[in-house]
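# Remarks on the overall topology
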Amino acid sequence: MPKTLVLKLEGVFKSFARVETDDVTNAVADVNLSMRNGEFISLVGTSGCGKSTILRMIAGLISPTAGRLTINGVPIEGPGPERGFVFQKPALFPWLTVEKNISFGLRMSGHTAENGERLARIIHLVGLEDFKNDYPGQLSGGMAQRAALARSLINQPDILLLDEPLGALDAFTRMNIQDELLSIWQKKKQLMIMVTHDVDEAVYMGTRVLVMEAHPGRIRTELPIEMEYPRNRSSALFVEYRNRILEMLHYGTKER
Amino acid sequence: MTETNRGERFLTMTKSQLLELEREEKTSAQKRWDVAVSLLPVLCCAAALLEYGCVPNKYPNASPQRYAALLILAGGIWLLLWVWAIMRYRRGDKVRFRTLRHHAPFYAVLFLLLAAFDYLTLKTGRLLYPFIPWLNDIINAAAADWKSLLVSTLFSLRLLFLGYFSGAASGLVTGIACGYSSRVRYWVHPLIKVLGPIPPVTWVPLVMLLAASLFGGSVFIIALGTWFSVSVAAMTGIASVDRAYYDAARTLGASERQIVLHVAIPHAVPNILQGMTQGMSSACISLMIAEMLGVEAGLGWYITWAKSWAMYNRMFAAIIVICMVFNAVTKGLDLIKKRVLRYQSEVVQ
Ligand SMILES: Nc1ncnc2c1ncn2[C@@H]1O[C@H](COP(=O)(O)OP(=O)(O)O)[C@@H](O)[C@H]1O
Ligand SMILES: [Mg+2]
């Protein structure tokens, strides 16, 4: 990909008003990050430490309380099709067939010329040809998540935000989709940012792992993973990376 | 054929073959019993015919062949359906026969009830003659006055649909606007809350006084009830959209307008259809009351008119027509609902 893309978070804070009491939750505090296309960022941290909040700000679904989020210097204002989002729950529209769900983004942006071809290619990519006329209620968890992935890929996003997309799947399906995701990324070299609570997954996929700590939510460590793909989960280096991250996470929770 | 080949055939089954496979096989005694039961309506139809033809009448009965012809027609239709279902059964499609078998006891009893009714009215007069006439008498009345019955029916339908559709359309607009925009809800919701619980017919006397035309006033009253049901249902449907759907649509590049059109409204469709069904029953009630109280046309008016001239057979003819019309309308709505909500029924259990 010749075009370079730089996503920057500068001094980003996000606080939420609490419902019951008068104080606020500092979900994200003073986060400074720079990410570029071709990177695969894994974001790990204990539950409630602000991982989803960071992704939602990058997606433009919520705006920061303070700080700047920019793409190539241009501030992010609201969501856009160039930033895809795959949620933990697939959130497929139950009234549309799998195919219509996947082509949703194309129909919204009024593309027509290349519709059919691109749609067929993406449905093939996620292996849902046989199910394209089914309704989401008929799909298994893994297939539904594949459909959701295809739905955001159809817009050919420069940035793909993945919020624990594989968290609810069984180990076998998860490993399959991990490899599919990696091969998509290796072909297109988008910027992928994936939240996960599975440290193995973070090390297996990421070029860089960001470890967060909670209350307030900060980036504790950035750890580049210097290993070739496909990675061997049982190699000494892999195990070392995993243990270091686990240690940091453990330490992070003990501190509270 | 090898073991694996025999297994392969399960992979290319159709849905009906699968359902068939999962049923228990019936014994031949059970099968014979099913055939007998499925023919019961024909037998009971014959019994009703015998009762009608052989028991002496208490009152003079003009054109007696009409009711008999109707009975024969009904029994004949059943017999034809039966032959068709058996033929399908032989070719491996058991569903038709099973449906027929399922409905057979009901229709058998229906024919027996017709016979009993005939006995209690025409044959013995035990059932409040002349207020309740026998069926052939009602048929004769309908045949004698079919033109004004038809005109009345068309008039009622026109009134019903004008009121219903204008009510449903305005209900959709208010419901969707209220559901999606909190500013609209702020102003319109109190109105719905105050007007909603008042039965629309409450306004009949006022509308009779104020409306420039009774017809227009009746359209308004019918529309009012439908408007209320549909707007509340649409509002509920839109307010209950999971935020995750909005988020997904926005990250896929949908504009606010597209979100309303492609997410909020489709999500509310089951509620809206529910509201439209409810609105239809309220519209039918309003229609009858409006016609009986003021509008001098339509089936409701026909009923009061026939009653005031003590022509009870015509009154019953009109009631039967109303029953058929309202049933057809409800059935039509149901079919639309099934078709539109297909995606809900195909969820894996
Ligand atoms: N819309 C919201 N309103 C109020 N509090 C919120 C909201 N979203 C998130 N939070 C709070 O912010 C914190 C971080 O949430 P989140 O980013 O979802 O965590 P994570 O994804 O890391 O589990 C949590 O304490 C959560 O309760
Ligand atoms: Mg989260």
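What counts and how
Residue numbers here run from 1 along each chain, matching the order of that chain's written sequence. Written order decides the labels, with chains lettered from A and ligands numbered from 1. Given that the model is predicted, a residue must reach a pLDDT of at least 70 before its local features are reported, and side-chain atom pairs must reach 80 or more before they are shown or counted; all residues, however, enter totals for whole chains, interfaces and linings. Side-chain metrics rest on all non-hydrogen atoms present in the structure, leaving aside hydrogens and water. Every helix listed is a DSSP run of H or I at least four residues long, and every strand listed is a run of E at least two residues long, numbered separately from the N terminus. Our radius of gyration looks at C-alpha atoms and nothing else; its globule reference is 2.2 Å times the residue count to the power 0.38. Burial classification: accessible surface area is computed with a 1.4 Å probe over protein chains only, and a residue below 20% of its type maximum counts as buried, one above 50% as exposed, and the rest as partly exposed. The contact definition used throughout considers only heavy atoms, calling two residues in contact when any of these lie within 4.5 Å. When DSSP finds two or more bridges between a pair of strands, those strands are recorded as paired. Orientation is described by lines fitted to C-alpha atoms, with helices fitted over the stretch in contact, and by angles between N-to-C directions that extend from 0 to 180 degrees. Proximity is defined per residue: if any heavy atom of the residue lies within 4 Å of a molecule or strand, that residue is considered near it. Pairing of N or O atoms within 3.5 Å defines a polar contact, subject to two protein rules: one partner must be a possible hydrogen donor and the other a possible acceptor, and residues neighboring in sequence count only if both atoms are side-chain atoms. Using a 1.4 Å probe, the Shrake-Rupley method yields the accessible areas, and only the shown protein chains count as cover for residues. We call Asp, Glu, Lys and Arg charged. Ala, Val, Leu, Ile, Met, Phe, Trp, Tyr, Cys and Pro are nonpolar, and the rest, Gly among them, are polar. How far each domain reaches was decided by an automatic or database domain assignment. Here the buried area means the combined drop in accessible surface, using a 1.4 Å probe, for two parts upon being joined, counting both sides. Here a pair means two rings of Phe, Tyr or Trp (six-membered ring of Trp) with centres within 6.5 Å. Their orientation is stacked below 30 degrees between planes, edge-to-face above 60, and tilted elsewhere.

Moving on: the overall build of chain A. On a plain count of helices and strands, chain A comes out with eight helices and ten strands. For chain A, the C-alpha radius of gyration of 18 Å lies close to 18 Å, the compact-globule estimate for 256 residues. The principal-axis extents of the C-alpha atoms in chain A amount to approximately 50 × 45 × 40 Å. Counting all 256 residues of chain A, 53% fall into the buried class. Residue pairs in contact within chain A that sit at least 24 positions apart in sequence constitute 69% of those at least 6 positions apart.

The next point concerns the side chain of T97(A). Residue and element names in this part refer to chain A. Here T97 is to be found in the loop between β6 (83–86) and α2 (98–102). Exposure remark for T97: the relative accessible area of 16% places this residue in the buried category. What T97 contacts, discounting residues up to four positions off in sequence, is K132, N133, D134 and Y135.

All names here are of chain A. Spatial strand order, β2-β1-β4-β5: four strands in an open sheet with antiparallel pairing. The sheet terminates laterally at β2 (24–36) and β5 (74–75), the two strands that pair on one side only. Most of the contacts of helix α1 (residues 51–59) go to strand β1 (residues 6–17), to which it runs at about 120°, and overall it touches β1, β2 and β4 (66–71).

A cis amide bond links H215(A) with the next residue in sequence, P216(A), at an omega value of -5°. One can find P216(A) in the loop between β9 (208–213) and β10 (218–224). Following Y229(A), the chain continues to P230(A) via a peptide bond in cis, the omega torsion being -10°. Inspection of the secondary structure puts P230(A) in the loop between β10 and α8 (236–255). Unusually for a residue other than glycine, Q156(A) sits at a positive phi of about 50°. Inspection of the secondary structure puts Q156(A) in the loop between α5 (141–153) and β7 (159–163). Overall, the relative accessible area of 41% leaves Q156(A) in the partly exposed class. Phi at S63(B) is positive, roughly 40°, even though this residue is not glycine. Tracing the backbone through its elements, the reader meets S63(B) in the loop between α3 (28–54) and α4 (65–90).

Here the focus is the site of ligand 1. Residue and element names in this part refer to chain A. Residues in contact with ligand 1, as listed here, are F16, T25, A27, S47, G48, C49, G50, K51, S52 and T53. Separating an oxygen atom of ligand 1 from a backbone N or O atom of K51 is a distance of 2.9 Å. In the model, an oxygen atom of ligand 1 is placed 2.5 Å from a nitrogen or oxygen of the T53 side chain. In the complex, 63% of the free accessible area of ligand 1, which totals 560 Å², lies under the protein chains. Elements with a minimum of two residues in the shell around ligand 1: β2 and α1. Of the residues belonging to the shell around ligand 1, the class tally is three nonpolar, six polar and one charged.

What follows deals with the domain arrangement of chain B. All names here are of chain B. Assigned domains within chain B: domain 1 (26–143) and domain 2 (146–344). A separation of 36 Å is found between the C-alpha centroids of domain 1 and domain 2. At the junction of the two partners, domain 1 supplies nine residues and domain 2 supplies eight residues. For the pairing of domain 1 and domain 2, the buried interface totals around 760 Å² over both sides, and the portion due to carbon and sulfur atoms is 71%.

Residues and elements named next belong to chain A. With respect to burial, β9 is a largely interior element, six of its six residues being buried. Side chains R208, L210 and M212 of β9 all project onto a buried face; the interleaved residues V209, V211 and E213 project onto the opposite face, where all are buried too. As defined by bridge partners, strand β3 (residues 40–44) adjoins β9 across four bridges and the pair is classed as parallel. Its bridge partner being in β9, V44 is matched across the sheet by V211. Of the pairings in the sheet, the one linking β9 to β10 comprises six bridges and is antiparallel in character. Looking at β10, one finds that V211 is bridged to T221. Count of turn residues in the β9/β10 antiparallel hairpin: four residues, of which H215 carries a positive phi of about 50°.

So, about the packing of aromatic side chains. Using the criterion set out here, one finds 21 aromatic pairs over all chains in the structure. Considering the side-chain rings of W95(A) and Y245(B), the 5.9 Å spacing of their centres and the 70° angle between planes classify their relative orientation as edge-to-face. Of this pair, W95(A) sits in the loop between β6 and α2 while Y245(B) is found in helix α11 (residues 243–251), placing the two residues in two different chains. The same class applies to W95(A) and to Y245(B), which are both buried. Residues Y59(B) and W134(B) carry aromatic rings whose centres are separated by 5.6 Å and whose planes lie at 5° to one another, so their mutual orientation is stacked.

This part is about the pairing of strand β8 (residues 191–195) of chain A. All names here are of chain A. Of all five residues making up β8, five are buried, and the element is well covered by its neighbours. Here β8 shows no split at all, with L191, I193 and V195 on one side and M192 and M194 on the other all buried. Sheet analysis places β3 next to β8, joined by four bridges and oriented parallel. Across the sheet, residue L43 finds its bridge partner in β8, namely V195. Pairing analysis gives five bridges linking β7 to β8, with the strands arranged parallel.

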